[in-house]
Amino acid sequence: MEKNAKVYVAGHRGMVGSAIYRKLQKEGFEHILVKTSSELDLRNQEAVAQFFEEEKPDYVFLAAAKVGGIVANNTYRADFLYENLAIQNNVIHSAYVNGVKKLMFLGSSCIYPKMAPQPLKEDYLLTGTLEHTNEPYAIAKIAGIKMCDAYRDQYGCNFISVMPTNLYGYNDNYHPQNSHVLPALIRKVHEAKVNNEKQVTVWGSGSPLREFLFADDLADACYFLMENYNEPNLINIGTGHDLTIKDLALLIKDVLGFDGELVFDASKPDGTPRKLMDVSKLHALGWKHQIELPEGIALAYQDFESRY
Ligand SMILES: NC(=O)c1ccc[n+]([C@@H]2O[C@H](COP(=O)([O-])OP(=O)(O)OC[C@H]3O[C@@H](n4cnc5c(N)ncnc54)[C@H](OP(=O)(O)O)[C@@H]3O)[C@@H](O)[C@H]2O)c1
Ligand SMILES: C[C@@H]1O[C@H](OP(=O)(O)OP(=O)(O)OC[C@H]2O[C@@H](n3cnc4c(=O)[nH]c(N)nc43)[C@H](O)[C@@H]2O)[C@@H](O)[C@H](O)[C@@H]1O
């Protein structure tokens, strides 16, 4: 990407979008285009078409989406399907109509079959049934991947799809019900500590395994792939390491300095037993993550404390 190119970051206020925005600023890009959802609702096809017609961005990072944890996905099933399909259909099609040089679509590790072999290879897409709790969201993301590849086949568009693992970091969502596990546990452990409570409730059994990548590492990977990856088909982005939810909770207790007990709420869903990404394709290209979990949790906690 030329430093004087016009780069549109859709979702620049979100955890991922803001990390990509920071990365582009650090790399010296002069024309970074951003819009809040109240300035430009990406579900509005006409508004998106007009925006692309007027602005004609050269590159697009599509980091705008309706995003949430397992309970949010399972509660707002229609919204996760409709809003994500609408956003990505409008942005990907308008990018084609207006000759965008390259677009990056962000998917998620939940696109893979619930019981796929681990670690998850990119080829496992559509080889089995999905996890029920986030199936609408996963279907939307799979549609986005297929749309990028179809526009490449028919119109020669250089639209790439990247599949990040579970993410955390600055500007995360700490909503008590709708957030992902890592920010939710930071919030719950913090509140137990400051309120002198003796225990913290962890959803599910604690036995599922999850992989976590710091969002600024993801932004670095997105920049690297925007510069170096021009192929059809998706590419995984992760650390290649995972841990149980129970061990994650114990680590967060340790980093935050809370000595209370963990209590497990079996009424909440476990979701996919494991979704460890095979990141050999990305490593072969020459990219590897930098921030390990203990350091990342400490950084995220500092951010949480500065905002709440
Ligand atoms: N978080 C994770 O663990 C994770 C893991 C894998 C992949 N991803 C992917 O990474 C991307 C970003 O996720 P995130 O965690 O950064 O989410 P986030 O923090 O919730 O940010 C989502 C962003 O999307 C924007 N947005 C939502 N609806 C919109 C609409 N109708 N019109 C315009 N903008 C809209 C929001 O804009 P405003 O702030 O202006 O309202 C917000 O900035 C998504 O594609 C997600 O699937 C996330
Ligand atoms: C990357 C994201 O992965 C998401 O799946 P997924 O990792 O199970 O989503 P999470 O909400 O992060 O849940 C991961 C695991 O953590 C457990 N967990 C324990 N305590 C909590 C808590 O307080 N809050 C939350 N949220 N979970 C908690 C949860 O039951 C589940 O087994 C998908 O729903 C999204 O679509 C997206 O793909």
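Residues numbered from 1 in each chain as written. Chains lettered and ligands numbered in written order. Predicted model: local features only at pLDDT ≥ 70, side-chain atom pairs only at ≥ 80, totals over all residues. Heavy atoms only, no water.

### Topic: the sheet that holds strand β1 (residues 6–10)
And step 1. Spatially, 6 strands are ordered β2-β1-β3-β4-β5-β10 in an open sheet, and the strand pairing comes out parallel. A strand with exactly one partner marks an edge of an open sheet, and here the two such strands are β2 (31–33) and β10 (235–237). The sheet shows a mean angle of 20° between the axes of neighbouring strands, taken without regard to direction.
And step 2. Here β1 pairs with β2 via 3 bridges, running parallel. Following the sheet pairing, K6 is matched in β2 by H31.
And step 3. Those strands touched by helix α1 (residues 15–26) are β1, β2, β3 (59–62) and β4 (102–106), and its axis lies near 160° from that of β1.
And step 4. Where helix α5 (residues 135–155) meets the sheet, it contacts β4 and β5 (159–164), and its direction lies at approximately 155° from that of β5. (Pairing = 2+ DSSP bridges. Helix = DSSP H or I, 4+ residues; strand = E, 2+ residues; numbered from the N terminus. Axes fitted to C-alpha atoms, helices over the stretch in contact; angles between N-to-C directions. Contact = heavy atoms within 4.5 Å.)

### Here's the deal with the site of ligand 1
And step 1. Near ligand 1 you find 26 residues, and of these V16, S37, L42, Y137 and K141 are the closest.
And step 2. V16 is positioned such that a nitrogen or oxygen atom in its backbone is 2.8 Å from an oxygen atom of ligand 1.
And step 3. Here D41 contributes a side-chain N or O atom positioned 3.0 Å from a nitrogen atom of ligand 1.
And step 4. For ligand 1, whose free accessible area comes to 900 Å², the fraction covered by protein is 87%.
And step 5. Elements represented by at least two residues in the shell around ligand 1 include exactly α1, α5 and β6 (166–168).
And step 6. Here the residues of the shell around ligand 1 are counted per class, giving 13 nonpolar, 9 polar and 4 charged. (Near = heavy atom within 4 Å. Polar contact = N/O pair within 3.5 Å; in protein donor to acceptor, adjacent residues only side chain to side chain. Areas by Shrake-Rupley, 256 points an atom, 1.4 Å probe, with all protein chains shown as cover. Nonpolar A, V, L, I, M, F, W, Y, C, P; charged D, E, K, R; others polar.)

### Thoughts on the side chain of E83
And step 1. Looking at the element boundaries, E83 is found in helix α4 (residues 77–97).
And step 2. By relative accessible area, which is 17% here, E83 ends up buried.
And step 3. Not counting residues up to four positions away in its chain, the partners in contact with E83 are R43 and K66. (Buried < 20%, exposed > 50% of the residue type's maximum accessible area, 1.4 Å probe, protein only.)

### Some words on the UniProt feature "site: Important for catalytic activity" (unreviewed entry) in the protein chain
And step 1. If you check UniProt for "site: Important for catalytic activity" (unreviewed entry), the listed places come out as S108 and C110 in our numbering.
And step 2. Looking at the element boundaries, S108 is found in the loop between β4 and α5.
And step 3. You can call S108 buried: its relative accessible area is 11%.
And step 4. Setting aside residues up to four positions removed in sequence, S108 forms contacts with Y137, M163 and P164.
And step 5. Turning to its location among the elements, C110 is positioned in the loop between β4 and α5.
And step 6. If we ignore the near neighbours within four places in the chain, the residues touching C110 are L130, N134, Y137, A138 and K275. (UniProt positions renumbered as here; feature names shortened; annotations may be inferred.)

### As for the nonpolar core
And step 1. Core analysis: the biggest nonpolar cluster contains 41 residues, and Y8, L42, F52, L103 and Y112 have the highest contact counts within it.
And step 2. Within the residue set of this core, elements represented by two or more residues are β1, α2 (45–55), β3, α4, β4, α5 and β5.
And step 3. Here the element with the most residues in this core is α5; it accounts for 7 residues.
And step 4. Grouped together as the second largest cluster of nonpolar side chains are 34 residues, V9, C222, I235 and L282 included. (Core = buried A, V, L, I, M, F, W, Y, C linked by side-chain atoms within 4.5 Å.)

### Digging into the packing of helix α8 (residues 245–256) against helix α10 (residues 293–307)
Angle between the axes and distance between the axes: these two values describe a pair of packed helices.
And step 1. Taken N-terminus to C-terminus, the directions of α8 and α10 make an angle of 60°; their axes are 10 Å apart at the nearest point. By the angle between their directions, the pair α8 and α10 is classed as oblique. Where α8 crosses over α10, the two elements pack in a sense that is right-handed. Touching L248, L251, I252, V255 and L256 of α8 are L293, P294, I297, A298 and Y301, all from α10.
And step 2. The class makeup of the residues in the contact of α8 with α10 is 10 nonpolar, no polar and no charged. (Parallel < 35°, antiparallel > 145°, perpendicular 65-115°, else oblique. Left-handed = near helix turned anticlockwise from the far one by under 90°.)

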